[in-house]
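Here's the letter readout for the chains.
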Amino acid sequence: MVKRILAGTATLILLALAVIVISVVQFDVPREQLVGKYATGASQFVTLPSGASAHVRDEGNPQGPVLVLIHGSNASLHTWEPWVAELDTTYRIISMDLPGHGLTGRVPGDDYSREGMATFLDELMSTLKVERFSVAGNSMGGGVASLYTLEHPDRVSSLILVDAAGIPVERDEDDVPLAFRVASMPVVSSVMRYVLPRSMVEEGLRKVFVDQSKVTEEMVSRYFDLALHEGNREATRIRFSAYASRNEEAFAARLGDIEVPTLVMWGDKDGLIPVSAAYEFKKRIPQAELVIFENVGHVPMEEVPEESAASVRAFLAGVEAEGTTPPETAPAE
């Protein structure tokens, strides 16, 4: 009888452990299972010379000046949908999922550095036959946009930095999403290739918004689903493991070489990249205009889309009035 009870107890414990494991282990999801849900509207897949298959949206006014949008770490081109809705009657707007993100996923060569992403952007623009454009980047994407402007000043007509990376900052670790902290741990980060609680994704999103009503179930589901896209978690591990060796001071020292019209915009309650970085960008890029949004976090384009898009529109109108409008380009075929 005792043996039977012990055996039954052991079975229950094993079943409980199995349920726990099944509930937290998340396997990669093939692109094909996500395309129908997230590659909608203007979405297309563009094969680049490097072999990467880039998820891209090319929308808006096909005869308008070109505005290229680059998302931040662990985000996707969907982060720009509010700006597209505000600006698409005037501008031809190109957004993309960066390597290791969204529906682009893992790329040949596994280069997820800032330099690798700038190369990816250049390949994409050349493939789309876009010669000159304004470029905006949020967070990690802001660092990519800055580097691209430094390396290809002939192709960039103006630069927009939205709570951008590229300035060394001190931050309160409690403000950094848990997923980012885990991804920075050399051994523990490997576990994230198989374990990714949805609650961790939601926690990260809530930390970048002041207005918590903006964090919807739909948004959490999208971030969670795209994080599970095949190869994205491994790409994140590779990218974060390289951060420790990145010389941000050396990069920041180059910002003064940016000569194009520049707009720096920031949420004053950004805990991930504090607003002090905005003033440092302004200091290092003297011609930059600076806009600070009150009671806004890390993603103004999603939290205050009308207000932030209005600032972009006014800035680009000023650039055009000064005669630096990029020439019109034919839409991609």
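From a predicted model like this one, the values you see are computed outputs, not experimental measurements. (Residues numbered from 1 in each chain as written. Predicted model: local features only at pLDDT ≥ 70, side-chain atom pairs only at ≥ 80, totals over all residues. Heavy atoms only, no water.)

### Let's talk about the overall build of the chain
Rule in force here: Strands here are runs of E lasting at least two residues and helices are runs of H or I lasting at least four, both read from the DSSP assignment and numbered beginning at the N terminus. Every residue pair with non-hydrogen atoms within 4.5 Å of one another is taken to be in contact. Only the protein chains shown count as cover for residues, and all accessible areas are computed by the Shrake-Rupley method using a 1.4 Å probe.
Of regular secondary structure, the chain possesses 13 helices and eight strands. Sequence-distant contacts, at least 24 apart, represent 76% of the contacts inside the chain between residues at least 6 apart. Here the chain has roughly 14800 Å² of accessible surface; of this, 57% comes from carbon and sulfur atoms.

### Quick notes on the sheet that holds strand 2 (residues 53-60)
Here is the rule we go by: Strand pairing is assigned whenever DSSP identifies at least 2 bridges connecting the two strands. Comment: axis = line fitted to C-alpha atoms, over the contacting stretch for helices; angle = value between 0 and 180 degrees taken between N-to-C directions.
A sheet is described by the order of its strands in space; here eight strands give the open sequence 1-2-4-3-5-6-7-8, paired in mixed fashion. Of all the strands in the sheet, just strand 1 (43-47) and strand 8 (289-293) have a single pairing partner and so form its edges. Taken over all neighbouring pairs, the strand axes of this sheet differ in orientation by 20 degrees on average, direction set aside. Inspection of the sheet shows strand 3 (residues 66-70) paired to strand 4 (residues 92-96) by five bridges, in the parallel sense. Within strand 4, the position partnered with Val68 by the bridge is Ile94. Docked against the sheet, helix 4 (residues 114-127) engages strand 1, strand 2, strand 3, strand 4 and strand 5 (133-138), running at close to 135 degrees with respect to strand 4.

### Concerning the packing of helix 7 (residues 198-208) against helix 8 (residues 217-227)
Where we set the bar: Here a crossing is taken to be left-handed if its near helix is turned anticlockwise relative to the far helix by less than a right angle, and right-handed if that turn runs clockwise. Amino acid classes used here: Ala, Val, Leu, Ile, Met, Phe, Trp, Tyr, Cys and Pro are nonpolar; Asp, Glu, Lys and Arg are charged; the rest, including Gly, are polar.
Remark: helix 7 packs on helix 8, axes separated minimally by 9 Å, with the N-to-C direction vectors making an angle of 115 degrees. Crossing of helix 7 against helix 8: the hand is right-handed. When helix 7 is examined against helix 8, the residues Arg198, Val201, Glu202 and Leu205 are found in contact with a partner set consisting of Glu217, Met219, Val220, Ser221, Tyr223 and Phe224. Its residues assigned to classes, the contact of helix 7 with helix 8 shows six nonpolar, one polar and three charged.

### Quick word on the pairing of strand 8
What counts is decided by this rule: Handedness rule for crossovers: strands pointing away from the viewer, path from the first strand over the helix to the second running clockwise, crossover right-handed.
Relative to strand 8, strand 7 (residues 262-267) is paired through five bridges, and the arrangement is parallel. From the neighbouring strand, Leu263 faces strand 8, where its bridge partner is Glu289. Taking the sense of rotation as the criterion, the β-α-β connection linking strand 7, helix 11 (residues 276-284) and strand 8 turns out right-handed.

### A look at the packing of helix 2 (residues 31-38) against helix 8
Worth spelling out the cut-off: Angles are sorted into four bins: roughly parallel if under 35 degrees, roughly antiparallel if over 145, roughly perpendicular if 65 to 115, and oblique for all others.
Taken N-terminus to C-terminus, the directions of helix 2 and helix 8 make an angle of 155 degrees; their axes are 10 Å apart at the nearest point. As far as their axial angle goes, helix 8 and helix 2 are roughly antiparallel. When the axes of helix 2 and helix 8 are compared, the crossing they make is left-handed. Contact residues: Leu34, Lys37 and Tyr38 in helix 2; Ser221, Arg222, Asp225 and Leu226 in helix 8. Within the contact of helix 2 with helix 8, the residues separate by chemical class into three nonpolar, one polar and three charged.

### Considerations on the layout of surface pockets
Worth spelling out the cut-off: Only protein atoms enter the 1 Å grid used here, on which a cavity is any set of points holding a 1.4 Å probe that cannot leave and a pocket is any open set flanked by protein within 12 Å on both sides along at least five of seven lines; residues with an atom within 4 Å of a point are listed as lining. Grid points are joined across faces, edges and corners, and a volume is the space filled by probe spheres set on the points.
By volume, the second largest pocket is sized at about 170 Å³. Every residue lining the second largest pocket is listed: Lys37, Tyr38, Thr40, His78, Glu81, Lys214, Thr216, Glu218, Met219, Ser221 and Arg222. Top element by residues in the lining of the second largest pocket is helix 8. It accounts for four residues. Its residues assigned to classes, the lining of the second largest pocket shows two nonpolar, four polar and five charged.

### Topic: the side chain of Thr149
Secondary-structure assignment places Thr149 in helix 5 (residues 140-151). Not counting residues within four places of it along the chain, the set of residues in contact with Thr149 comprises Val135, Val156, Leu159, Ile258 and Val260.

### Things to note about the packing of aromatic side chains
Rules: To pair, rings of Phe, Tyr and Trp, with the six-membered ring standing in for Trp, must have centres within 6.5 Å; the planes then decide the type, stacked if under 30 degrees apart, edge-to-face if over 60, and tilted in the middle. In this scheme, Lys NZ or Arg CZ marks a charge over a ring once it lies within 6 Å of the ring centre and within 35 degrees of the ring normal.
Within the structure shown, the criterion is met by three aromatic pairs. Each ring, one from Trp80 and one from Trp83, has its centre 5.1 Å from the other, and the planes form 45 degrees; the classification is tilted. For the cation-ring pair, Arg114 lies above Phe251, with the distance from its terminal atom to the ring centre recorded as 4.3 Å.

### Quick look at the nonpolar core
Counted only if it meets this: By nonpolar core we mean a set of buried residues, namely Ala, Val, Leu, Ile, Met, Phe, Trp, Tyr and Cys, connected to one another through side-chain atoms within 4.5 Å. Only protein chains enter the accessibility calculation, which uses a 1.4 Å probe; a residue whose area is less than 20% of its type maximum is buried, one above 50% is exposed, and one in between is partly exposed.
In terms of nonpolar packing, the biggest core is built from 92 residues, with Val68, Trp83, Met96, Met125 and Ile160 touching the most fellow members. For Val68, the residues in contact, after removing those within four places along its chain, are Ile94, Met96, Leu121, Met125, Phe133, Ser134, Val135 and Ala136.

### Focus on the side chain of Arg114
The condition that has to hold: Two N or O atoms count as a polar contact when they lie within 3.5 Å, although within protein this holds only if one can serve as hydrogen donor and the other as acceptor, and sequence-adjacent residues are included solely when both atoms are side-chain atoms.
Within the element layout of this structure, Arg114 appears in helix 4. Within the structure, Arg114 has its side chain in polar contact with the side chain of Glu248 (distance 3.1 Å). Ignoring any residue separated from it by four or fewer positions in sequence, one finds Arg114 in contact with Gly143, Val144, Leu147, Ala165, Gly166, Arg246, Glu248 and Phe251.

### Notes on the confidence of the model for the chain
Keep this limit in mind: The score called pLDDT rates the predictor's confidence residue by residue, from a low of 0 to a high of 100.
Per-chain confidence: the chain averages 88 in pLDDT, with 82% of residues scoring 70 or above. Under a pLDDT of 50 for its full length, residues 8-23 has, in the predicted model, zero contacts with residues more than four places off or in other chains. Contacts for the low-pLDDT stretch residues 324-333, under 50 throughout, to residues beyond four places or in other chains number 25 contacts.

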